[in-house]
Amino acid sequence: MIISGFFFFDFKILTADCLPTMTQMLDSDIKFDYIFGDLTTIPLTTSESSDQVIHHFLTKVLEISFKLLRKGGKYLTHGPGTSSPQSGAMLEQLIQSQIQLIPGVSVNISKLSAFIPSFTENWNFYTVQLLPATKHSN
């Protein structure tokens, strides 16, 4: 059975290929309270290689996700394991760079770590909340 979404009284959960679906929504006035970014791997690299294609994909997912969030909305995702602090820092920089492209918002980013038994390591989990810009926001 293929699940295409769940519909409830006041909300709907979409399960679909994110880029085509979200790209179509950019042309509408649809804004979301929550977007879950559950990409299986998040390869971050500064080298010129095939990983750049995947890095570009992640950048595009973040860019579109942040444009579709309402102010006050939250983007939730997991990052690399805590054993790779450099990759975590790169993800955080990437998130910040995409947020800066959205006028009129500031951001609250929180991170927590939790042990994931199936991967036998600690992973970082991020919550990115878009907030109305204040006079002192960057």
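Above: the structure in question.
None of the values given here were measured: they were computed from a predicted structure. (Residues numbered from 1 in each chain as written. Predicted model: local features only at pLDDT ≥ 70, side-chain atom pairs only at ≥ 80, totals over all residues. Heavy atoms only, no water.)

1. Some remarks on the sheet that holds strand E4 (residues 69-81)
Inference 1: If you trace the four strands from one edge of the open sheet to the other, you get E3-E4-E6-E5, paired in mixed fashion. Looking at strand neighbours, the two that pair on one side only are strand E3 (32-37) and strand E5 (105-116), the edges of this open sheet. Neighbouring strand axes in the sheet, compared pairwise and without regard to direction, differ in orientation by 15° on average.
Inference 2: Strand direction decides the pairing type here: E3 and E4, joined by five bridges, are parallel. Paired with Ile35 across the strands is Tyr75, a residue of E4. (Pairing = 2+ DSSP bridges. Helix = DSSP H or I, 4+ residues; strand = E, 2+ residues; numbered from the N terminus. Axes fitted to C-alpha atoms, helices over the stretch in contact; angles between N-to-C directions.)

2. Brief notes about the nonpolar core
Inference 1: Counting 22 residues, the largest nonpolar core has Ile35, Leu62, Phe66, Leu68, Tyr75, Ile95 and Ile99 as the members making the most contacts within it.
Inference 2: Among the secondary structure elements, those contributing two or more residues to this core are helix H1 (18-25), E3, helix H2 (51-68), E4, helix H3 (85-99) and strand E6 (121-132).
Inference 3: Ranked by residue count, the leading element in this core is H2, at six residues.
Inference 4: If near-sequence neighbours (up to four positions away) are discounted, Ile35 is found in contact with Met22, Ser65, Leu68, Leu69, Lys74, Tyr75 and Leu76. (Core = buried A, V, L, I, M, F, W, Y, C linked by side-chain atoms within 4.5 Å. Buried < 20%, exposed > 50% of the residue type's maximum accessible area, 1.4 Å probe, protein only. Contact = heavy atoms within 4.5 Å.)

3. Notes on unusual backbone geometry
Inference 1: In this structure, Thr120 is a non-glycine residue whose phi angle is positive, near 50°.
Inference 2: Along the chain, Thr120 falls in the loop between E5 and E6.
Inference 3: By relative accessible area, Thr120 is classed as exposed at 61%.

4. Concerning the packing of aromatic side chains
Inference 1: Under the counting rule described, the total for this entry stands at three aromatic pairs.
Inference 2: Arranged with centres 5.4 Å apart and planes meeting at 80°, the rings of Phe66 and Tyr75 form a pair that is edge-to-face.
Inference 3: Judged by its relative accessible area of 1%, Phe66 is buried. (Phe/Tyr/Trp six-rings, centres within 6.5 Å; stacked < 30°, edge-to-face > 60°.)

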